[in-house]
Amino acid sequence: MPITNCERCKREIFRSEACDYCGKKICAQCERASQRVKKVQRLVICRTCWGSMKKRGAYKNKMNPAQAVVAAQTKSEF
Ligand SMILES: [Zn+2]
Ligand SMILES: [Zn+2]
């Protein structure tokens, strides 16, 4: 296994997780929260994205960024 660096804090990480909202590879310290959405799907959000109301809202609604975009577009049409 190649050692990679966290794209947020540059720490060396052995097992990387990618934030679902910015796509960055992050370490456990930078992972703010994660949740299981379906049996196979997990949502991971980093501390940077947690600071964004939009992304945090999407996370709390169990939506990945693509779903959040669709939801936002549907809303604005009404
Ligand atoms: Zn990190
Ligand atoms: Zn992120």
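Residues numbered from 1 in each chain as written. Chains lettered and ligands numbered in written order. Predicted model: local features only at pLDDT ≥ 70, side-chain atom pairs only at ≥ 80, totals over all residues.

Draft legend 1. Local environment of the overall build of the protein chain. Along the protein chain, the regular secondary structure elements total three helices and six strands. Secondary structure elements of the protein chain, listed N to C terminal, follow the sequence β-β-β-β-β-β-α-α-α. For the protein chain, the spread of C-alpha atoms along the principal axes amounts to about 50 × 25 × 15 Å. By the burial criterion, 17% of the 78 residues in the protein chain qualify as buried. For the protein chain, the share of sequence-separated contacts (at least 6 apart) that also reach a separation of at least 24 residues comes to 26%. (Helix = DSSP H or I, 4+ residues; strand = E, 2+ residues; numbered from the N terminus. Buried ≥ 20, exposed ≤ 12 C-beta atoms within 10 Å, placed from the backbone. Contact = placed C-beta atoms within 7 Å.)

Draft legend 2. Expanded view of the confidence of the model for the protein chain. Here the protein chain averages 90 in pLDDT, and 95% of its residues register 70 or above. Element-level mean pLDDT values for the protein chain span from 81 in helix α3 (residues 65-76) up to 98 in helix α1 (residues 47-50). (pLDDT = per-residue confidence, 0-100.)

Draft legend 3. Broad picture of the pairing of strand β5 (residues 31-36). Pairing of β5 with strand β6 (residues 42-46), which is carried by five bridges, proceeds in the antiparallel orientation. Within β6, the residue paired with R36 across the bridge is R42. Linking β5 back to β6 in an antiparallel pair, the connection comprises five residues. (Pairing = 2+ DSSP bridges.)

Draft legend 4. Representation of the nonpolar core in the model. Counting residues in each nonpolar core, the largest one holds 11 residues, listed as C6, C19, Y21, I26, C27, C30, I45, C46, C49, A58 and Y59. Taken together, the elements giving at least two residues each to this core come down to β6 and α2 (53-60). Those residues in contact with Y59 that sit more than four places away from it in its chain are L43 and I45. (Core = buried A, V, L, I, M, F, W, Y, C linked by C-beta atoms within 7 Å.)

Draft legend 5. The arrangement of α2 in detail. Those residues of α2 lying buried are K55, A58 and Y59. Seen along its axis, α2 keeps its buried residues to an arc of 100°; they face one direction. Along α2, exposed side chains directed more than 90 degrees from the buried face belong to M53 and K60. Once α2 finishes, K62 follows within two positions and takes phi at roughly 60°, a positive value. (Arc of directions from axis to C-beta.)

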